[in-house]
Amino acid sequence: MLDIKEQRVQANGLDFLVRSAGDRSAPPVILLHGFPECGYSWRYQMPYLADQGFHVLAPDLRGYGRSAAPKEVDAYRQDVLVSDVLGILDAFGAPRARVVGHDWGCALAWQVARQAPDRVVAVAGLSVPYPGIGPKAPTEQMRAAFGDRFFYQLYFQQPEVPERELEADPRDFLRRIYHALSGPGMKEKHRTHGNATGMLDILQRPQGAQPSWMTEADLDVYVDSFERSGMTGPINWYRAMDLSWEQQRADGRERIHPPAFFLAGKEDPVIQFAGRALKRMPELMDDLTDVVMLDDIGHWVQMEAADTVNEHLGRFLRQVDDAG
């Protein structure tokens, strides 16, 4: 089994826990996780990519696990998070890197490529299509789309309320969300009784044992991560969406210049919600090399279909030459 190292580094004025694998002199790849996850979510990709000749970095991002977790909402603007990623690369002596992200980490990977194209050899996104810079603030668009219906990202805008719900029993929340948004979970006929008022109202409990890609031992790692960090930092990524949009509008740069690749599961609810962005994405990129959609796979694509994801990622990352 390949040795995965853990170390703490200083980046952008904060302390980060970073897992690494492979020869430090090899071309760097940084893997950015989503919600509710941590760097451990890349456990199936790290050994494979290291074996393919890359130096692989998987940090616990700002607000998560054993990394620093400021309480202020504006500390989670996307441009601040981009500076975190660049600072982590600097700490490992990597002027340029291949950047891969899933979920919020995917949104962040697109922003790293948009804001700092000179630092990005190539970018690969899992689950979240690149939407460009919308004409209205994200929460305004969501309220127009959902009206009075429950939508978790709007629920997360409230102070303290979602933390109280999700921190009451992190294991129950995590077990539910990993099942509900998986391929099998998305195919279950689950209906909320009455009007949903909280996150747990829309997440069915799984029946039976944990899936092979998320064992009880795996779940223990995530539970420990969120018992350490709490939920405020992770939820602040959502609370800072409008602030990030304002900064991006002021910045004005929209196109993704480095070579890009996108992969998602067809059962992923993000894909069902973001179909328009998926169709528009090629117009916003100079070099979108491929879009791969996997049958029967849900949101946790790099875990649910690890071997397939590894093959696609490895092929894309190997074929990109670093001319910098």
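Calculation rules
Residues numbered from 1 in each chain as written. Predicted model: local features only at pLDDT ≥ 70, side-chain atom pairs only at ≥ 80, totals over all residues. Heavy atoms only, no water. Core = buried A, V, L, I, M, F, W, Y, C linked by side-chain atoms within 4.5 Å. Buried < 20%, exposed > 50% of the residue type's maximum accessible area, 1.4 Å probe, protein only. Helix = DSSP H or I, 4+ residues; strand = E, 2+ residues; numbered from the N terminus. Contact = heavy atoms within 4.5 Å. Pairing = 2+ DSSP bridges. Axes fitted to C-alpha atoms, helices over the stretch in contact; angles between N-to-C directions. Expected span 1.5 Å × (residues − 1). Disulfide = S-S within 2.5 Å. Salt bridge = Lys/Arg side-chain N within 4 Å of Asp/Glu carboxyl O. Polar contact = N/O pair within 3.5 Å; in protein donor to acceptor, adjacent residues only side chain to side chain. Phe/Tyr/Trp six-rings, centres within 6.5 Å; stacked < 30°, edge-to-face > 60°. Arc of directions from axis to C-beta.

## Side note on the nonpolar core
Then, number 1: By size, the foremost hydrophobic cluster in this structure holds 78 residues, and its most contacted members are Leu 108, Trp 110, Phe 173 and Tyr 178.
Then, number 2: Here this core takes eight residues from helix H3 (residues 104–115), the largest share from any one element.
Then, number 3: Sequence-distant contacts of Trp 110, that is, excluding residues within four places in its chain, are made with Val 123, Gly 125, Val 128, Pro 129, Tyr 130, Ile 256, Ala 260, Phe 261, Phe 262, Met 281 and Met 285.
Then, number 4: Counting residues in hydrophobic clusters, the runner-up holds 27 residues, among them Ala 21, Leu 31, Phe 54 and Ala 124.

## Regarding the sheet that holds strand E6 (residues 120–126)
Strands in a sheet are paired, the pairing made by backbone hydrogen bonds, and the direction either parallel or antiparallel.
Then, number 1: If you trace the eight strands from one edge of the open sheet to the other, you get E1-E2-E4-E3-E5-E6-E7-E8, paired in mixed fashion. Of all the strands in the sheet, the pair left with one neighbour each is strand E1 (5–11) and strand E8 (288–294). Taken over all neighbouring pairs, the strand axes of this sheet differ in orientation by 20° on average, direction set aside.
Then, number 2: Of the pairings in the sheet, the one linking E6 to strand E7 (residues 260–265) comprises four bridges and is parallel in character. The partner of Gly 125 across the bridge, within E7, is Phe 262.

## Thoughts on helix H2 (residues 78–91)
Then, number 1: The terminal C-alpha atoms of H2 lie 20 Å apart, and with 14 residues this matches the ideal 20 Å at 1.5 Å per residue to within 8%.
Then, number 2: For H2, a buried count of eleven out of 14 residues is recorded, marking the element as mostly surrounded by other parts of the structure.
Then, number 3: Buried within H2 we find Gln 78, Asp 79, Val 80, Leu 81, Val 82, Asp 84, Val 85, Leu 86, Gly 87, Ile 88 and Leu 89.
Then, number 4: Two residues or fewer past H2, Gly 93 is found with a positive phi of approximately 65°.

## Quick notes on the state of the cysteines
Then, number 1: A complete count under the given rule lists zero disulfides for this structure.
Then, number 2: Looking at Cys 38, it has no disulfide partner, and the nearest cysteine sulfur is the one in Cys 106, 18 Å off.
Then, number 3: Since its relative accessible area comes to 1%, Cys 38 is described here as buried.
Then, number 4: A residue is classified by how much of its surface remains accessible, and Cys 106, at 0% relative accessible area, is buried.

## Details of the pattern of salt bridges
Then, number 1: Under the definition given, this model contains 21 salt bridges.
Then, number 2: Asp 15 is paired through a salt bridge with Arg 8; the nearest N and O atoms lie 2.5 Å apart.
Then, number 3: Exposure remark for Arg 8: the relative accessible area of 43% places this residue in the partly exposed category.
Then, number 4: A salt bridge links Arg 255 to Asp 286; the shortest N-O distance between them is 2.9 Å. Here Asp 286 lies in the loop between helix H13 (275–280) and E8 and Arg 255 lies in the loop between helix H11 (241–251) and E7, a separation of 31 residues in the sequence.
Then, number 5: Salt bridges sharing common partners tie together Glu 6, Arg 19, Asp 60 and Arg 66.

## Side note on the side chain of Ser 127
Then, number 1: As for its position among the elements, Ser 127 is in the loop between E6 and helix H4 (138–146).
Then, number 2: Residue classification places Ser 127 among the buried residues on the basis of a relative accessible area of 0%.
Then, number 3: Among the polar contacts made by the side chain of Ser 127, one reaches the side chain of Asp 268 at a distance of 2.7 Å.
Then, number 4: Not counting chain neighbours up to four residues away, the residues in contact with Ser 127 comprise His 102, Asp 103, Phe 262, Leu 263, Ala 264, Asp 268, Val 270, Ile 271 and His 299.

## Topic: the packing of aromatic side chains
Then, number 1: Tallying each qualifying case throughout the model produces 21 aromatic pairs.
Then, number 2: Centroid distance Phe 146 to Phe 273: 5.7 Å. Interplanar angle 35°. Geometry classified as tilted. On the criterion of sequence distance, the pair formed by Phe 146 in helix H4 and Phe 273 in helix H12 (residues 269–273) is long-range, its members being 127 residues apart.
Then, number 3: Of the residues examined, Phe 146 reaches a relative accessible area of 14% and is grouped as buried.

## Examining helix H9 (residues 216–229)
Then, number 1: Over its 14 residues, H9 runs 20 Å from end to end, which matches the ideal 20 Å to within 8%, given 1.5 Å per residue.
Then, number 2: Of the residues making up H9, those classed as buried are Asp 218, Leu 219, Tyr 222, Val 223, Ser 225, Phe 226 and Ser 229. Each buried residue of H9 sits inside an arc of 160° when the element is viewed along its axis, so together they form one side. Residues of H9 that are exposed and point over 90 degrees away from its buried face: Glu 227 and Arg 228.
Then, number 3: Buried residues along H9 sit in contact with helix H7 (170–180), helix H10 (232–239) and helix H14 (301–304).
Then, number 4: One or two residues past the end of H9 sits Gly 230, with phi positive at roughly 70°.

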